[in-house]
Amino acid sequence: MSREILIQIRGEETKVAIIDNGQLDDFLIEVEHYQSILGNVYKGKVESILPSINGAFVNIGMEKNGFLYLTDVVSPHGEEISGPKKIIQRIFNRGKKDAAAAKPSAIPFKEGQEILVQVVKDPFSNKGARLTTHVSLAGRFVVYMPYEHHHGISKKIENLEERHRLREVIKEFTFANQGGFIVRTVSKGEGKKELVRDAKFLYKIWQQILALAEKKKAPALIYKEYDLIWKVVRDYLTENVTRVQIDSQEDYQKLCRFVENLIGKEEVPKIQYYDGTVPLFKARGVEEELHKVYNTKVELKSGAHVVIESTEGLIVVDVNSGKFRTKAPPEEAAFMVNMEAAPEIARQLRLRDLGGIIVIDFIDMMKEGHKRRVIEALQVALAKDPAKTEVNRISNLGLVEMTRARTGKALESITFTSCPYCDGRGKVRIT
C-alpha cells in the first residue's frame, strides 16, 4: 500500500490531503478564522453545577463556557497523594473558601473552584467545548495519561510476541508509576530507545503543565496542542508513507527539523519541497476530488449514487441505483450497488468529518446473507477511521443506524457560511 501526504499552504489556510493508492483517503484543514482547541489544556473555573444533567459549566476563557460531565472528573483527593497529585490537589482546593454552598458529596468540586481540564470536543454551533479532567498527551509512539494506573497496547498490534515485547519496554519507563501509557500502533517494531524518549518527552510536558497551572489564575490556557502540520506528521507519517510534499519553503525547512527531532534522520528524505507553478492540490488532482466532497450527490463508478444530507439532529445518507444497469435479478442488483456504496459512504463520512447520529438508507434487500455482508463491508471501511464509530444491523425498513464521534467541526461548517439571501435553504424562489 502506497500513501502520500500533501500539504498546501495559502495565506491563512493550511490543507492536508492523505493519498492512498492514488485516491483521496483523508482531508484536513486549518484556517485562521477557525482554530481548533481540541487537546488544549486549560485551568478553568467552575461556573455552575447541574446535577440534573450530571454536568458542570466551566469557564476556560472562551466565548462560551465548556461543559464537563461529572463522570469525566478525576478527583485528586485520595489516600495516596504525592508528586504531581499534590499540585493538582492545591489547584482543586483553591477557591473553596469563596465557593458556593456545598453540593451533594458525590460531586467532587464546588462552584467557584479552579480545575485543570482538557478539550475533547471543539465548540460547535451554540454549544461550548466538551471537557474532561482525564488529561492525555499524545506523542509519536505513546499516549501518556497522568491520572491512570494501567498500561495498554494498541489493539491493532495483534502479534502476541510483539505485544509482550512492548509491555516489557513500558516497564523500563522510570516514571511508569506516575500515570498510565498506551503504546500506539506506529510503535510496532520500534526500539526501546525511541519509545522511552517519547515517553520522557510527554512526562516533561506534563511537569511543565503542572508548573504553569500553579502560577496562572483561571481561566487560562496552560497547554496548546500542536498545529495541524505537526499533528499530521506525528499521526500519519508511518513506514508505508512514501513521501510528504509541501509547497512552502519556510515550512518545509521547519518540517525537516521537526521530523528529524521527533522521528529520526532516516525519515527526512521523504519530505519534499514542491515548487511547481501549478498549485500542489490542482497538480495532483486533489482539488477536483475536494469539489466532490462539497456536493450533496456522490457518483459511484457503476452509475449509482449516494446522497448525503445534514440536518440539525442527524445525517441522512440515501443510496440510489441511478444509472446502474445490469441483467441480474433485483435482489442481486441491490446487493451489488450497496456493496459499492458501503466503503464510499465510510470514506465520505471521514473526508467531511461528519458525526453524531447517521441514518443510511440502503437499497432494500431480502436475503439476510446480503444484509450481513453489506454491514461487514461498511464496518471494514470504517475500521480505518480514527474517529470512534458504532454500527447497528439493517432494520426491517432497510435502514442502518450508526454513530460517529466527531471531535471538531464538520468540513462544511468550516469552509462555508449560510447564504444571507436564502438563509441556508439553498433554493431559488420562482414566485
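With respect to the pattern of salt bridges
Tallying each qualifying case throughout the model produces 27 salt bridges. Measuring nitrogen to oxygen at the nearest pair gives 3.2 Å for the salt bridge that ties arginine 3 to aspartate 20. Here the residue arginine 3 occupies a position in strand β1 (residues 3–10), and aspartate 20 occupies one in strand β2 (residues 13–20), the gap between them amounting to 17 residues. Ionic pairing is found between arginine 3 and aspartate 25, a salt bridge with its closest N-O pair at 3.5 Å. Taken as a pair, arginine 3 in strand β1 and aspartate 25 in strand β3 (residues 23–31) lie far apart in primary sequence, 22 residues in all. Accessibility expressed as a relative area gives 11% for arginine 3, which makes it buried. One network of salt bridges, in which partners are shared, links Arg3, Asp20, Asp25, Arg350 and Lys384.

Focus on the sheet that holds strand β12 (residues 180–183)
Pairing between the strands of a sheet comes from backbone hydrogen bonds, and it takes one of two forms, parallel or antiparallel. With mixed pairing, 4 strands are arranged side by side in an open sheet as β9-β10-β12-β11. The sheet terminates laterally at β9 (137–138) and β11 (152–153), the two strands that pair on one side only. Relative to β12, strand β10 (residues 142–145) runs antiparallel, the two being bridged by 4 bridges. Residue pairing across strands places tyrosine 144 opposite phenylalanine 181, the latter belonging to β12.

As for the nonpolar core
In terms of nonpolar packing, the biggest core is built from 33 residues, with Val306, Ile345 and Ile360 touching the most fellow members. The element that contributes the greatest number of residues to this core is helix α8 (residues 330–352), accounting for 9 residues. The residues touching isoleucine 345, leaving out its near neighbours within four places in the chain, are Val306, Val317, Val319, Ile360 and Phe362. One finds Leu116, Leu137, Tyr144 and Val183 within the second-largest nonpolar core, a separate group that totals 31 residues.

Quick word on helix α5 (residues 249–262)
Its 14 residues place the ends of α5 20 Å apart at the C-alpha level, agreeing with the 20 Å of an ideal helix rising 1.5 Å per residue. Residues of α5 that are buried make contact with β1, α3 (192–215), α4 (228–236), β14 (241–246) and β15 (271–273). Once α5 ends, the next one or two residues include glycine 264, with phi positive near 145°.

What to know about the environment of glycine 313
Inspection of the secondary structure assignment puts glycine 313 in the loop between β17 (305–310) and β18 (314–320). Between the alpha carbons of glycine 313 and glycine 356 there is a distance of 8.0 Å; along the sequence they are 43 residues apart.

A closer look at the confidence of the model for the chain
Of the residues in the chain, 86% have a pLDDT of 70 or more, and the chain-wide mean is 84. Taken as a whole, residues 76–85 scores under 50 in pLDDT and shows 16 contacts with residues more than four places along the chain or in a different chain. Below a pLDDT of 50 lies the segment residues 95–105, which in the model reaches 10 contacts outside its immediate sequence neighbourhood of four places, other chains included.

Observations concerning unusual backbone geometry
Cis rather than trans, the peptide bond between alanine 218 and proline 219 has omega equal to 0°. Here proline 219 lies in the loop between α3 and β13 (220–223). Even without a glycine there, the phi angle at asparagine 54 is positive, about 55°. Positionally, asparagine 54 belongs in the loop between β4 (41–50) and β5 (55–59).

Considering the pairing of strand β7 (residues 114–121)
Of all 8 residues that make up β7, 6 are buried, and the element is covered over most of its length. Sheet topology places β4 next to β7; 5 bridges connect them, and they run antiparallel. Following the sheet pairing, tyrosine 42 is matched in β7 by valine 117. Pairing analysis gives 3 bridges linking β7 to strand β8 (residues 130–132), with the strands arranged antiparallel. The residue bridging glutamine 118 from the neighbouring strand is threonine 132, located in β8.

Overview of the environment of glutamine 35
Mapping glutamine 35 onto the fold places it in the loop between β3 and β4. Looking at glutamine 35, the relative accessible area reads 39%, which means it is partly exposed. For the pair glutamine 35 and aspartate 227, spaced 192 residues apart in the sequence, the C-alpha separation amounts to 9.2 Å.

Details of the sheet that holds β14
Spatial strand order, β3-β2-β1-β14-β15: 5 strands in an open sheet with mixed pairing. Of all strands in the sheet, those with a lone pairing partner are β3 and β15, marking the two edges. Here the average twist between neighbouring strands, direction ignored, is 20°. Both β1 and β2 contribute to a ladder of 8 bridges, which runs antiparallel. Each bridged residue has a counterpart across the sheet, and for isoleucine 7 the counterpart in β2 is valine 16. Sheet contacts for α5: β1, β14 and β15; angle to β15, the most-contacted strand, approximately 165°. Packing against the sheet, helix α7 (residues 286–293) makes contact with β1, β2 and β3, and its axis sits at approximately 80° to β3.

The rules behind these values
- Residues numbered from 1 in each chain as written.
- Predicted model: local features only at pLDDT ≥ 70, side-chain atom pairs only at ≥ 80, totals over all residues.
- Heavy atoms only, no water.
- Salt bridge = Lys/Arg side-chain N within 4 Å of Asp/Glu carboxyl O.
- Helix = DSSP H or I, 4+ residues; strand = E, 2+ residues; numbered from the N terminus.
- Buried < 20%, exposed > 50% of the residue type's maximum accessible area, 1.4 Å probe, protein only.
- Pairing = 2+ DSSP bridges.
- Core = buried A, V, L, I, M, F, W, Y, C linked by side-chain atoms within 4.5 Å.
- Contact = heavy atoms within 4.5 Å.
- Expected span 1.5 Å × (residues − 1).
- pLDDT = per-residue confidence, 0-100.
- Axes fitted to C-alpha atoms, helices over the stretch in contact; angles between N-to-C directions.

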